[in-house]
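Listed below, chain by chain, are the residues.
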Amino acid sequence: MPIRFDHKPGLVVYLTAGDPSLDATREIAIAAIDAGADVIELGVPFSDPLADGPIVQRASERALARGTRLRDVLALAREIRAARPRAGLVIFSYLNPILRYGLHRFADEAAATGVDGVLATDMIVEEAAEYLAEMGRVNLAPIFLAAPTSPDARLEAIAKYSKGFVYAISRVGVTGTQQSVASDAATLVERIRRYTRLPVAVGFGISNAEHVAQVAEFADAAVIGSAIVELVERATRENGAETAPGAVARFIKGLGLRDAALAR
Amino acid sequence: MASIIVPANPSESRAGRFGVYGGRYVPETLVAALDELEHAYDEAKADAAFQAELSSLLKDYAGRPTPLYFAKRLTESLGGAKIYLKREDLLHTGAHKINNALGQGLLAKRMGKKRVIAETGAGQHGVATATVCALLGLECVVYMGDVDMERQDLNVKRMRLLGAEVRGVSSGSKTLKDAISEAMRDWVTNVRTTYYLLGSALGAHPYPTMVRDFHRVISKELKQQILKKEGRLPTAIIACVGGGSNAIGAFYEFIGDRQVRLIGVEAGGRGRALGEHAARFQGGAPGVLQGTFSYVLQDEDGQIALTHSVSAGLDYASIGPEHAALHDSGRAEYVSCDDAAALDAVVKLARTEGILPALESAHAVAEAIRIAPALAPSDILVVNLSGRGDKDMGILARELKL
């Protein structure tokens with residue numbers, strides 16, 4: 001099923017799979033979908049997450065310490081897909097775990113779980129020929145990142161090879177929370193739109209309802225990662241893992257997402 | 001601006017491939033900066049004024065050319081091949097790292113960048129970078145793993161004295177790999193104003209090529225010197241390999257001379273199990289770490305393995321992509337030397353020649369000591385003595401109970 005955004009703005013939620021446990025990630029993902037998330041990015045924990053700030057780094061370390069493996073994340077995706085057939089599901093990973101698994105095998109197995117797409121953080125369009133062929137073979141959407149520093153020629157290529165949506169990075173830097181949405185973001189989205197009619201989601205530093213409202217003015221969806229990963233961390237530490245799904249659901253309901261059909 | 005061409009297969013992608021290895025696997029935010037760097041480097045490389053300024057600094061500031069020294073007493077004590085030492089240890093700041101730091105420092109200045117960041121393992125690249133930044137009036141921040149800051153404390157203090165800010169890295173293994181990740185996080189955040197002065201022949205294109213080019217002077221001099229002294233090429237060139245910058249610099253001009261053996265020495269650490277060593281060609285598998293496709297020590301899930309070596313400069317889970325290609329083609333041989341043999345080599349060289357090698361370079365000395373006795377007196381071994389051991393006195397005092 002193609003990725004679709006039923007809310008205005010749409011909401012993409014990033015979760016580090018296996019933090020605090022695979023079962024908890026499943027329950028959090030389902031709660032997030034029920035509260036209004038259109039797409040769940042299931043983050044494969046990696047030992048050296050150089051594009052991530054401290055919050056996601058800590059979550060990755062915890063997930064790895066619990067022994068979370070790529071094949072566990074794929075099994076988790078299958079469970080979430082079974083529970084919520086209409087939600088968008090994306091595997092979000094650094095490249096090396098995928099390469100080690102085998103690109104061909106990964107593509108086959110990821111497609112078989114029913115996920116819609118894949119985002120490989122350190123895969124850029126120039127290096128992506130084989131990757132794109134594999135994604136295309138099994139009909140998975142390759143999602144590429146677009147950055148404020150990307151010149152127009154790159155944005156054109158990124159738009160051309162992305163499917164599902166284009167992920168616009170709101171600002172230079174690593175993942176994390178921030179005070180306000182950078183002015184870079186609106187300009188970037190406008191530049192991307194010259195090259196594609198795909199939905200554009202804005203991420204990096206989107207932390208609260210105010211940010212989401214700002215993003216809604218110029219983009220199709222907001223991506224929230226670190227703020228939710230941190231919420232899961234805090235709820236787990238203070239009240240136990242079983243309280244994390246409720247905390248995430250309350251957070252999402254407070255974001256002011258509207259049903260896209262009604263919004264029109 | 002380079003055109004966006006999606007190659008038919010990854011090995012046919014743009015420049016920066018060594019066989020199938022190398023390439024550019026980075027967050028999108030950095031790609032434009034890498035393109036800018038590649039362009040600036042290509043221009044500088046072709047600019048006679050840039051090359052003249054670099055040559056002048058290499059000569060008058062760093063102390064090039066470095067001598068090729070015949071280690072007579074070491075040779076006699078082993079009773080086999082003649083052993084020569086290429087004395088990169090005599091360079092200003094104490095290691096070959098200054099060659100690249102000067103080259104890239106001039107490039108940073110040429111590009112108008114006022115802030116330089118670097119990672120360091122043993123601290124030699126950090127010291128070289130701090131030195132060059134002082135010389136050129138650039139702000140300098142060096143990332144260094146907490147473990148390395150402890151074991152290379154003297155270099156931490158040298159960097160601070162030179163005006164650099166040293167930022168400890170407490171994530172992961174707290175060594176070189178984590179320092180690189182943290183430097184990349186800084187770069188991705190401050191990419192518009194900051195020059196990342198990467199210290200080894202690693203990382204995303206154009207770094208492996210550029211760093212190699214700046215160290216190529218080692219093999220250029222070496223070739224002339226050995227021809228002058230011996231009238232022929234050596235039997236083998238031996239160099240230690242962490243990321244691989246000194247080794248690629250020492251090998252490069254000899255790659256076409258098929259009769260010259262090129263021997264890279266990796267850190268064998270304290271055992272053969274994953275996590276106990278940093279010998280990427282003995283247990284590593286091709287993968288992507290920190291921007292490049294090369295051999296990587298990793299577990300079966302593609303998580304990067306911890307490494308161990310007594311020498312901080314060799315303690316890294318991946319290896320420069322050009323070495324991966326030289327390995328696969330068979331043009332270079334890669335062996336490993338364990339901590340104990342490296343320490344023995346320090347003592348041996350100190351007591352036969354009065355030369356104290358860095359623990360990294362001692363791995364190459366150890367391999368020469370191992371193979372020289374079985375070779376003929378007509379054979380010639382050249383060890384690239386990449387650095388001096390003053391920085392290691394704390395470790396040596398402890399390990400050798402001095």
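What you are looking at is a predicted structure, and each value in this text was computed from that prediction instead of being measured. (Residues numbered from 1 in each chain as written. Chains lettered and ligands numbered in written order. Predicted model: local features only at pLDDT ≥ 70, side-chain atom pairs only at ≥ 80, totals over all residues. Heavy atoms only, no water.)

1. Digging into the sheet that holds strand β4 (residues 82-86) of chain B
All names here are of chain B. Pairing is mixed across the open sheet formed by 6 strands, whose spatial order is β3-β4-β14-β9-β10-β13. A single partner strand is all that each edge strand has here, and the edge strands are β3 (68-70) and β13 (332-338). Between one strand and the next, the sheet's axes are offset by a mean angle of 25 degrees, whatever the strand orientation. Two strands pair when backbone bridges link them, and β4 and strand β14 (residues 380-384) are joined in this way by 5 bridges, in the parallel orientation. (Pairing = 2+ DSSP bridges. Helix = DSSP H or I, 4+ residues; strand = E, 2+ residues; numbered from the N terminus. Axes fitted to C-alpha atoms, helices over the stretch in contact; angles between N-to-C directions.)

2. Comments concerning the pairing of strand β9 (residues 236-240) of chain B
Residue and element names in this part refer to chain B. Counting buried residues along β9, 5 of its 5 residues qualify, which places the element largely inside the surrounding structure. Across the two faces of β9 the burial is the same, with Ala236, Ile238 and Cys240 and Ile237 and Ala239 all buried. Chirality of the crossover, the property in question, places the unit of β9, helix α10 (residues 245-251) and strand β10 (residues 261-269) among those that are right-handed. The pairing of β9 with β14 spans 3 bridges and is parallel. (Buried < 20%, exposed > 50% of the residue type's maximum accessible area, 1.4 Å probe, protein only. Right-handed = clockwise from strand over helix to strand, strands pointing away.)

3. Brief notes about the nonpolar core
Judged by nonpolar contacts, the single largest core of 108 residues is most densely connected at Ile40, Phe106, Tyr131 and Ile252 of chain A together with Ile237 and Phe251 of chain B. Ignoring anything within four residues of it in the chain, the contact list for Ile252 of chain A reads Leu11, Val13, Ala32, Ala35, Gly36, Ala37, Ile228 and Leu257 of chain A. Core analysis: the second largest hydrophobic core is formed by 73 residues, Leu136, Val156, Met159 and Tyr196 of chain B among them. (Core = buried A, V, L, I, M, F, W, Y, C linked by side-chain atoms within 4.5 Å. Contact = heavy atoms within 4.5 Å.)

4. A closer look at the interface of chain B and chain A
Between chain B and chain A, the residue contacts involve 44 residues of the former and 44 residues of the latter. Of the roughly 3700 Å² buried where chain B meets chain A, counting both sides, 56% is carbon and sulfur surface. Between the two partners, chain B and chain A, sit 6 salt bridges. Our count for the contact surface shared by chain B and chain A stands at 18 residue pairs in polar contact (both at pLDDT 80 or more). Only β2 (21-25), α1 (31-45), α8 (176-189) and β11 (285-289) of chain B provide two or more residues apiece to the side of chain B that touches chain A. (Buried area = accessible area lost by both parts, 1.4 Å probe. Salt bridge = Lys/Arg side-chain N within 4 Å of Asp/Glu carboxyl O. Polar contact = N/O pair within 3.5 Å; in protein donor to acceptor, adjacent residues only side chain to side chain.)

5. Things to note about the sheet that holds β11 of chain B
Residue and element names in this part refer to chain B. Sheet architecture is open: 4 strands sit in the order β1-β2-β12-β11, paired in antiparallel fashion. Edge positions in the open sheet fall to β1 (17-18) and β11, since each of these has one partner strand only. Relative to strand β12 (residues 291-296), β11 runs antiparallel, the two sharing 5 bridges. Its bridge partner lying in β12, Ala285 is registered against Val296.

6. Here's the deal with the packing of aromatic side chains
Given two aromatic rings, their pairing is described by the distance between the two centres and the angle made by the two planes. A full pass over the atoms with the stated rule returns 14 aromatic pairs over all chains. When the centroid spacing of 6.1 Å and the interplanar angle of 90 degrees are considered together, the rings of Tyr167 of chain A and Phe204 of chain A count as edge-to-face. Residue Tyr167 of chain A is located in strand β8 (residues 166-169), and its partner Phe204 of chain A is located in the loop between β9 (200-203) and α9 (209-216); the two are separated by 37 residues in the primary sequence. For the residue pair Tyr167 of chain A and Phe204 of chain A, the accessibility class agrees, reading buried in each case. Taking the centre distance of 4.6 Å and the plane angle of 50 degrees together, the rings of Phe281 of chain B and Tyr334 of chain B count as tilted. Highlighted residues: Phe281 of chain B in the loop between β10 and β11 and Tyr334 of chain B in strand β13, separated in sequence by 53 residues. Like Phe281 of chain B, the residue Tyr334 of chain B is buried in the burial classification. These aromatic residues form a ring-pair network of at least three members: Tyr21, Phe281, Phe293, Tyr295 and Tyr334 of chain B. Its guanidinium or amino end placed over the ring of Phe70 of chain B, Lys82 of chain B lies 4.9 Å from that ring's centre, counting from NZ or CZ. (Phe/Tyr/Trp six-rings, centres within 6.5 Å; stacked < 30°, edge-to-face > 60°. Lys NZ or Arg CZ within 6 Å of the ring centre and 35° of its normal.)

7. Observations concerning the pattern of salt bridges
Residues and elements named next belong to chain B. If you walk through the whole model with that rule in mind, you get 56 salt bridges over all chains. Arg115 serves as the salt-bridge partner of Glu139, at 3.8 Å between the closest nitrogen and oxygen. With a gap of 24 residues between them, Glu139 in strand β6 (residues 139-145) and Arg115 in strand β5 (residues 115-120) connect regions that are remote in the sequence. Overall, the relative accessible area of 12% leaves Arg115 in the buried class. Taken together, the shared-partner salt bridges connect Arg115, Glu139, Glu165, Arg167 and Asp186 into one network.

8. Observations regarding helix α13 (residues 359-371) of chain B
Spanning 13 residues, α13 of chain B covers 19 Å between terminal C-alpha atoms, matching the ideal 18 Å at 1.5 Å per step. Most of α13 of chain B sits inside the fold, with 11 of its 13 residues counted as buried. (Expected span 1.5 Å × (residues − 1).)

9. Some thoughts on the side chain of Glu230 of chain B
One can find Glu230 of chain B in helix α9 (residues 207-230). Not counting residues up to four positions away in its chain, the partners in contact with Glu230 of chain B are Lys82, Tyr84 and Ile380 of chain B.

10. Quick word on the environment of Thr68 of chain A
Residue and element names in this part refer to chain A. Structurally, Thr68 is set in the loop between α2 (54-65) and α3 (70-83). Expressed as a C-alpha distance, the spacing of Thr68 and Leu11, which sit 57 residues apart in the sequence, is 26 Å. Side-chain polar atoms of Thr68 contact the backbone oxygen of Ala63, separated by 2.7 Å.

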